[in-house]
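Next come the chains, spelled out residue by residue.
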Amino acid sequence: MKTTPPEPKEATSSLFLAVVENRPQPGPYFDLIAAAKSSGADYWGIWNLLAFRPRIADSLVRLSQEIMHEDAPISVALRELIAAYTSSLNRCEFCMKAHAAVAADLYNDEALVWSIIRDLEGAALPEQDKAMLRFVRKITLESGSIDETDIATLHTAGWDDTAIFYGIASCALFNFYNRFVSANGVKPVSDQAFRRLAARMAEKGYVRE
Amino acid sequence: MAIPEYERIASAVRKPAAQASRNIKTIEESAASGEVAALYDHFRTHFGRPNVPGILKCFATHPPLLRHMMDLSEHLIFSEGSLGRKHKEMIATYVSSQNSCPYCADSHGFFLRVHGGTAQTLDALQSGDLRSSGLPAAEQALLDFVRKVNLNSHQIDREDVNQLVQAGWSELQIAEAVHVTALFATFNRVANAFGLASQGLLALCASDAVAPSREDALVERDRS
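All figures in this text were calculated on a predicted structure; none of them were measured in a lab. (Residues numbered from 1 in each chain as written. Chains lettered and ligands numbered in written order. Predicted model: local features only at pLDDT ≥ 70, side-chain atom pairs only at ≥ 80, totals over all residues.)

> Mind showing me how you'd approach the overall build of chain B here?
When you go through chain B residue by residue, the secondary structure sums to 12 helices and zero strands. Listed N to C, the secondary structure of chain B is α-α-α-α-α-α-α-α-α-α-α-α in terms of helices and strands. Taking all 224 residues of chain B together, 49% fall into the buried category. For chain B, the share of sequence-separated contacts (at least 6 apart) that also reach a separation of at least 24 residues comes to 75%. (Helix = DSSP H or I, 4+ residues; strand = E, 2+ residues; numbered from the N terminus. Buried ≥ 20, exposed ≤ 12 C-beta atoms within 10 Å, placed from the backbone. Contact = placed C-beta atoms within 7 Å.)

Here it is in structure tokens:
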């Protein structure tokens, strides 16, 4: 089999693939990284992944904005909780902490969010929301065994098909992000930096112009 | 934009299922109107496939989502990148089989066959037994990495990436393998949650003939 020869050794990087970190392309994430570096602020390492492929990043963040932040019959707060919960199941520390921080901002209750991530059944969350998160768990861990009884359970809990669609889409989206982030070696930032960046995301969502 | 597997589907006489999904209703082509109908039509003409696949119909209740999904799919999967189509379809088939997604495993298994993958390779990807597959060591290494990204991405470390570089894969190819794997971790879950059934496309391969000269040329065009 013919293979492309290994590329010349690049400068060291904190991400696993130096080519991803060291070749940001012009666009909003290039600018964000440059601004963060010049001010010395902590920034989210996922920006490097998005700066590497601006064309794909543009579709991805617009898709994310639609799924996570536009009007829907399921609150932005619960969708962010789905993101954090999915990420905890996939053991993606970066996404879990980032979206727990966004959810904590929206619920104005950090303790509640972490109690849900640690123990869904014991947490002080309405039964309707727990039903959605149980479904999210099944989508993440054993989607091949989902059938119409799972959907019927959600209908009984008070969710309609549109809300269920958003539950599926937000959970499935974070099954993308978790692998994208973990497999590239994106590391968590400080709790303080998570809170600061999450406050912006809670208010405005995912798209950066 | 000519897509050889879609030309194959177009040449076979097939009736689309009345309803693509088991658990949640999707918007079928006959019921589409307005922006959805326009996007379905764009798909049929742009890709040259006679019917819109079920996975896209899952997003059709929300036209902006449908547009972004089509865009992502075109740029990440239905294109030659650092990885060629054959390797992308190997990854898609392997991940979809691990995630017990009959819909994606069938369609991407079929695309793999059209792009030069042998029946033996398909069997190995479906059963998960790569060691007796006869696949070159470099492809086995790529697929081992893909399996770990799919099932245990939190355990990926520098050493996993170094092994792929040693096996001859470029960093650009590795980055793309992660993209494709992560994308199928998403598609599989959407397809399974909606309850999309297999379209039975692999049956089109059973009788024949999937690798005439045209597909051989495509294999040559793949980079490895």
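> I would appreciate a short explanation of the interface of chain A and chain B in the present structure.
How big an interface is tends to be stated in terms of accessible area lost as the parts join. Across the boundary between the two partners, chain A contributes 45 residues, which contact 48 residues of chain B. Broken down by secondary-structure element, the contributors of at least two residues to the side of chain A that touches chain B are α1 (18-22), α4 (54-69), α9 (148-157) and α10 (161-184) of chain A. The element that contributes the greatest number of residues to the side of chain A that touches chain B is α10 of chain A, accounting for 16 residues. Partitioned by chemical class, the residues of the side of chain A that touches chain B number 24 nonpolar, 11 polar and 10 charged. (Nonpolar A, V, L, I, M, F, W, Y, C, P; charged D, E, K, R; others polar.)

> Got a minute to help me understand the environment of G54 of chain B in this structure?
Residue and element names in this part refer to chain B. Secondary-structure assignment places G54 in helix α3 (residues 54-57). When the 24 C-beta atoms within 10 Å are taken as the criterion, G54 is described as buried. Between the alpha carbons of G54 and S198 there is a distance of 9.7 Å; along the sequence they are 144 residues apart. Filtering out sequence-adjacent residues up to four positions away, G54 remains in contact with A20, S21, T26, Y103 and L196.

> Explain unusual backbone geometry here, please?
Most peptide bonds take the trans configuration, and most residues that are not glycine carry a negative phi. Residue and element names in this part refer to chain A. Residue R91 is not a glycine yet carries a positive backbone phi of 55 degrees. Mapped onto the fold, R91 is located in the loop between α5 (76-89) and α6 (93-107). By C-beta crowding, R91 is classed as partly exposed, having 14 other C-beta atoms within 10 Å. Of note, the phi angle at N108 is positive, near 55 degrees, even though the residue is not glycine. Along the chain, N108 falls in the loop between α6 and α7 (110-118).

> For this particular structure, what's the right way to read the packing of α5 of chain A against α10 of chain A?
Packed helix pairs are characterised by how far apart their axes lie and by the angle those axes make with each other. All names here are of chain A. Direction vectors running N to C along α5 and α10 enclose 40 degrees, while the axes themselves pass 9 Å from each other. Classed by the angle they form, the pair α5 and α10 counts as oblique. Two packed elements cross with a definite hand, and for α5 against α10 that hand is right-handed. Along its contact with α5, which presents R79, I82, A83, T86 and S87, the element α10 presents Y166, G167, S170, C171, F174, N175 and N178. The residue makeup of the contact of α5 with α10, split by class, is five nonpolar, six polar and one charged. (Axes fitted to C-alpha atoms, helices over the stretch in contact; angles between N-to-C directions. Parallel < 35°, antiparallel > 145°, perpendicular 65-115°, else oblique. Left-handed = near helix turned anticlockwise from the far one by under 90°.)

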